[in-house]
Amino acid sequence: MLEKFFAARHSIRPEGEDVESTDYRGISEKGEELAKAKAKEVLELLENAESGTVMFLGGATEQTRTKSTSRVFGDEIKRTVKEENKDIIVLTEEDISQEKGPLQAVREVVKKIEANPDKKFLINFPLRLKGFSMLDDEWFKKDDGQPTDFYTALEEFDDSVALKKWIEGQGVLGNLKGPNPTAVAEKQLESIKRLQEFAKNQIGARPLIVGSIGHAWNLDALAIYLANNGKVNFEGLAKVGGESIKQTQMVKVEIKDGQAKVIYNDKEFLLEENKKDVDQKV
């Protein structure tokens, strides 16, 4: 069975007078406030989930702004539940002792989860997911981390126009070659599956929601792929709204009555024809 998950775009980057947040590197002061506001939606997912649910906000990229967005979510939710909801326990990186290594840290988290069977948990510990990476998707060069010529060419346009050009050429723009949109979507799904499997191996039968933070174009491809039976094309782009994903906006997959559906842009799409394929890939 496909587990619930969500993937959100990172928050706003510093630019001009909107300077970098003092507490969260890679996002601006406005970006911090936007992420705090979006944290309410993330919290609602957990509050509306069944008893004993564990939310693992554990996916990010090598770009600092994705981890910072995740940390704002975790910190803001922790502050909120401390004041309003005693049935949810939030564990952030600061709460998880890493002095004895990652394995011992995992054991301590699992022990706390097992000691509170009736509580819901948010574990906020962003990890780099290969399938979400801008390097592994050929947007940036692996040797020096600089943008590829393909990425630079697309950046001449706004996000939504660039998205259309990327999908139109299926990863080709003039004489430049970049990542294939379908391959990008499938890589993200594979990483989500690995994150889900890791979490399930630790928490057992408890309900699970996995959350990740990624980038525009990549997450656009993911939303289209899920909503359009595994096809990242113009038809699918129109189906999900025709525009690129906005900062902190989420792509969500939920399971209701044994049926998986993707929720994006206030629209719902049943994962029917491609459900078997998605189950295998994610």
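Procedures and definitions
Residues numbered from 1 in each chain as written. Predicted model: local features only at pLDDT ≥ 70, side-chain atom pairs only at ≥ 80, totals over all residues. Heavy atoms only, no water. Core = buried A, V, L, I, M, F, W, Y, C linked by side-chain atoms within 4.5 Å. Buried < 20%, exposed > 50% of the residue type's maximum accessible area, 1.4 Å probe, protein only. Helix = DSSP H or I, 4+ residues; strand = E, 2+ residues; numbered from the N terminus. Contact = heavy atoms within 4.5 Å. Pairing = 2+ DSSP bridges. Axes fitted to C-alpha atoms, helices over the stretch in contact; angles between N-to-C directions. Expected span 1.5 Å × (residues − 1). Arc of directions from axis to C-beta. Salt bridge = Lys/Arg side-chain N within 4 Å of Asp/Glu carboxyl O. Parallel < 35°, antiparallel > 145°, perpendicular 65-115°, else oblique. Left-handed = near helix turned anticlockwise from the far one by under 90°. Nonpolar A, V, L, I, M, F, W, Y, C, P; charged D, E, K, R; others polar. Phe/Tyr/Trp six-rings, centres within 6.5 Å; stacked < 30°, edge-to-face > 60°.

Draft legend 1. Fine view of the nonpolar core. Counting residues in hydrophobic clusters, the biggest one holds 56 residues, and the most contacted among them are I123, W139, W166, W217, L226 and V262. For this core, the leading source of residues is helix α7 (residues 218-227), giving eight residues. Setting aside its immediate chain neighbours within four residues, W139 contacts M134, P147, T148, F150, Y151, L154, W166, P179, W217 and N218. Grouped together as the second largest cluster of nonpolar side chains are 23 residues, L45, L46, V72 and I209 included.

Draft legend 2. Inspection of the sheet that holds strand β2 (residues 54-60) at higher detail. With mixed pairing, eight strands are arranged side by side in an open sheet as β3-β4-β2-β7-β1-β8-β9-β10. With one partner strand each, in any of the chains shown, β3 (88-91) and β10 (267-270) form the two edges of the open sheet. If you compare each strand with its neighbour and ignore which way they point, the axes differ by 20° on average. In the packing of helix α2 (residues 64-84) onto the sheet, the strands contacted are β1 (4-9), β2, β3, β4 (120-128) and β7 (208-214), and the crossing angle to β4 comes to about 165°. Each of β1, β2 and β7 touches helix α6 (residues 181-203); the most contacted strand, β7, lies at about 140° to it.

Draft legend 3. Structural context of helix α3 (residues 102-114). Taking 1.5 Å as the rise per residue, α3 with 13 residues should run 18 Å; its terminal C-alpha atoms sit 18 Å apart, in good agreement. Every buried residue of α3 is accounted for by A105, V109, V110 and I113. Taken down its axis, α3 places every buried residue within 135° of arc, on the same side. In α3, those exposed residues whose orientation departs by more than 90 degrees from the buried face are L103, R107, K111 and E114. Buried residues along α3 sit in contact with β2, β3, β4 and α6.

Draft legend 4. Inspection of the pairing of β1 at higher detail. Of all six residues that make up β1, five are buried, and the element is covered over most of its length. One ladder, built from six bridges, connects β1 with β7; its direction is parallel. Its bridge partner being in β7, R9 is matched across the sheet by G214. Summarising the sheet, β1 and strand β8 (residues 250-256) pair through four bridges and their orientation is antiparallel. In the strand pairing of β8, F5 is matched with V253.

Draft legend 5. Fine view of the pattern of salt bridges. Evaluation of the coordinates by the stated rule reveals 12 salt bridges. Ionic pairing is found between R79 and E76, a salt bridge with its closest N-O pair at 2.7 Å. Of the two residues, R79 and E76 both sit in helix α2, three residues apart, roughly one turn of that helix. By relative accessible area, R79 is classed as partly exposed at 40%.

Draft legend 6. The packing of helix α1 (residues 29-47) against α2, seen in detail. The geometry of α1 relative to α2 is characterised by a closest axis approach of 8 Å and an angle of 60° between their N-to-C directions. In terms of orientation, α1 lies oblique with respect to α2. Crossing geometry of α1 relative to α2 is assigned as right-handed. Facing E32, A35, K36, K38, A39, V42 and L43 of α1, the residues of α2 in contact are T69, V72, F73, E76, I77, T80 and V81. For the contact of α1 with α2, the per-class residue count stands at eight nonpolar, two polar and four charged.

Draft legend 7. Molecular detail of the packing of aromatic side chains. What the rule picks out here adds up to seven aromatic pairs. Centroid distance F140 to Y151: 4.9 Å. Interplanar angle 45°. Geometry classified as tilted. Taken together, the positions of F140 in the loop between β4 and α4 (149-154) and Y151 in helix α4 put the pair 11 residues apart, joining distant regions of the chain. Take Y151: its relative accessible area is 7%, and that puts it in the buried class. By the ring-pair criterion, three or more aromatic residues cluster together here, those being W139, F140, F150, Y151, W166 and W217.

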